[in-house]
Amino acid sequence: MISNAEIIPGIIAMISSLIAMVMLSRVIPIIGGSIGRMIKMMVTGIFFSVFLHAGFELAAGFGLISEGSLMIIMGILITAGAIAFIAAGNIGIKSLK
């Protein structure tokens, strides 16, 4: 059985990343342009790297996903998030030129 020490950090990560995604998404229409696109990519990165990642860890903790599958899924999610963060940085650098 999963312990509170494993559940609480996952829940906190999901809630805090959800708050960050909502807050950043509210700014996008106001800012627009290349900075808005950069923020969209950051939100995508947070979604994959934090929100989904924490959700899948919780699912594995409750026995819904095997540990072997979890490692593959987490690798894919972290990679997708990192690619989104790289794209956001690229958009930001190009907007400075």
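Computed from a predicted model, the values in this text were never measured in an experiment.

A. Quick peek at the side chain of Ser17. Looking at where Ser17 falls in the secondary structure, it is placed in helix 1 (residues 4–31). Those residues in contact with Ser17 that sit more than four places away from it in its chain are Ile46, Val50 and Phe51.

B. Seen up close, the environment of Gly10. Examined against the element boundaries, Gly10 turns out to sit in helix 1. According to the relative accessible area criterion, Gly10 is buried, its value standing at 12%. Separated by 44 residues in the primary sequence, Gly10 and Ala54 place their C-alpha atoms 5.2 Å from one another. Discounting chain neighbours no more than four positions away, the residues touching Gly10 are Ala54 and Leu58.

C. Spotlight on helix 1. Over its 28 residues, helix 1 extends 40 Å from the first C-alpha to the last, a length consistent with the 40 Å expected when each residue adds 1.5 Å. Three or more residues of helix 1 are buried, namely Ile7, Gly10, Ser17, Met21 and Ile28. Where helix 1 is buried, its residues contact helix 2 (33–61). Among the residues trailing helix 1, Gly32 stands out with phi positive, at a value near 60°.

D. Seen up close, the environment of Met38. Tracing the backbone shows Met38 in helix 2. When the C-alpha positions of Met38 and Ala87 are compared, they lie 7.6 Å apart, and in sequence the two are 49 residues distant. Apart from residues no more than four positions distant in its own chain, Met38 is found in contact with Ala88, Ile91 and Gly92.

E. Seen up close, the packing of helix 2 against helix 3 (residues 67–96). One way to put it is that helix 2 packs onto helix 3 with a least axis distance of 8 Å and a crossing angle of 170°. It follows that helix 2 is roughly antiparallel to helix 3 by the angle criterion. Judged by the twist between their axes, the crossing of helix 2 over helix 3 is left-handed. A per-class count over the contact of helix 2 with helix 3 returns 21 nonpolar, eight polar and three charged.

F. Region of interest: the nonpolar core. In terms of nonpolar packing, the biggest core is built from six residues, these being Met21, Ile28, Ile39, Val43, Ile46 and Phe51. Elements represented by at least two residues in this core include exactly helix 1 and helix 2. With four residues, helix 2 is the single largest residue contributor to this core. Those residues within four positions of Ile28 in sequence are excluded, and the remaining contacts are Gly36, Ile39 and Lys40. In this structure, Ala59, Ala60, Leu70 and Met74 belong to the second largest nonpolar core, which totals five residues.

Rules used throughout
Residues numbered from 1 in each chain as written. Predicted model: local features only at pLDDT ≥ 70, side-chain atom pairs only at ≥ 80, totals over all residues. Heavy atoms only, no water. Helix = DSSP H or I, 4+ residues; strand = E, 2+ residues; numbered from the N terminus. Contact = heavy atoms within 4.5 Å. Buried < 20%, exposed > 50% of the residue type's maximum accessible area, 1.4 Å probe, protein only. Expected span 1.5 Å × (residues − 1). Axes fitted to C-alpha atoms, helices over the stretch in contact; angles between N-to-C directions. Parallel < 35°, antiparallel > 145°, perpendicular 65-115°, else oblique. Left-handed = near helix turned anticlockwise from the far one by under 90°. Nonpolar A, V, L, I, M, F, W, Y, C, P; charged D, E, K, R; others polar. Core = buried A, V, L, I, M, F, W, Y, C linked by side-chain atoms within 4.5 Å.

Nothing here speaks to function; it is geometry throughout.
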